[in-house]
Amino acid sequence: MGGTVFILGAGASAAAGAPLMANFLDVARDVLAAGKAEQDEAAFREVFAGISALQLAQSKATLDLKNIESIFTAFEMARLFGRLGDLDKERVDNLPQALRRLIVRTLDVSVQFPVVATDYGWDITPPRPYQSFGDLVFGLKERGDSVSVITFNYDIGVDYGLTV
């Protein structure tokens, strides 16, 4: 009996339509511009206001303002210090949660869960390539291997692929 460990990063979602680190904020801007932010529009606008404030601070620090994780870290630090540029404390305190809403909504719009016809009606299936990944994991388990999955992924596609 062997053991297999899979380690998945955010890039595992790219085939399903999720943006990668390098273009996540660009896709989020597109979601906002297309009117698809819906109930999270205010959160999107707050995040982009926070990023604008970070651009002013960038002359005193090295920040990758294209990297969603760097933005999140900077927003958390600003919340701890209670200030970011000319934003008031309440807005600064809300930035991490606003960024979480932006991430969730952007993924919700971007990641495609296919709907397929079945003998019983319609079924929602895991995004590509998670169905194949789930089949691989279950195939390994059926032959008696132990399997572990460590994921740093930020969508539920892998979870769904392992449950169907």
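To be clear, the structure that these remarks concern was listed above.
This is a predicted model, so every value here is computed, not measured. (Residues numbered from 1 in each chain as written. Predicted model: local features only at pLDDT ≥ 70, side-chain atom pairs only at ≥ 80, totals over all residues. Heavy atoms only, no water.)

Colleague: Describe the pattern of salt bridges, naming the residues involved and giving the relevant values.
Modeller: Under the criterion given, the structure shown has 11 salt bridges. A salt bridge links R105 to E38, with the shortest nitrogen-to-oxygen separation between them at 3.2 Å. On the criterion of sequence distance, the pair formed by R105 in helix α4 (residues 89-110) and E38 in the loop between α1 (24-33) and α2 (41-57) is long-range, its members being 67 residues apart. The salt bridge involving R143 is made with D145; its shortest N-O contact spans 2.9 Å. Salt bridges linked by common partners bring D26, R29 and K66 together as one network. (Salt bridge = Lys/Arg side-chain N within 4 Å of Asp/Glu carboxyl O. Helix = DSSP H or I, 4+ residues; strand = E, 2+ residues; numbered from the N terminus.)

Colleague: Provide a residue-level description of the nonpolar core, including the pertinent values.
Modeller: Of all hydrophobic cores here, the largest spans 39 residues; its most connected members are F44, F48, I71, F75, L84, L99 and L102. Those elements that provide at least two residues to this core are β1 (3-8), α1, α2, α3 (68-81), α4 and α5 (130-142). Apart from residues lying up to four places away in sequence, L84 is in contact with G50, A53, L54, F75, A78, V92 and L95. (Core = buried A, V, L, I, M, F, W, Y, C linked by side-chain atoms within 4.5 Å. Buried < 20%, exposed > 50% of the residue type's maximum accessible area, 1.4 Å probe, protein only. Contact = heavy atoms within 4.5 Å.)

Colleague: Please set out the packing of α2 against α4 residue by residue, giving values where relevant.
Modeller: Helices that pack against each other are described as a pair by the angle of their axes relative to one another and the distance between those axes. At a closest axis distance of 8 Å, the pairing of α2 and α4 adopts a crossing angle of 120 degrees. Between α2 and α4, the angle falls in the class oblique. Between α2 and α4 the crossing geometry is left-handed. Only R91, L95, A98, L99, R101, L102, R105 and T106 of α4 make contact with α2, whose side of the interface consists of A43, F44, E46, V47, F48, A49 and G50. (Axes fitted to C-alpha atoms, helices over the stretch in contact; angles between N-to-C directions. Parallel < 35°, antiparallel > 145°, perpendicular 65-115°, else oblique. Left-handed = near helix turned anticlockwise from the far one by under 90°.)

Remember, this is a structural readout, not a statement about activity or role.
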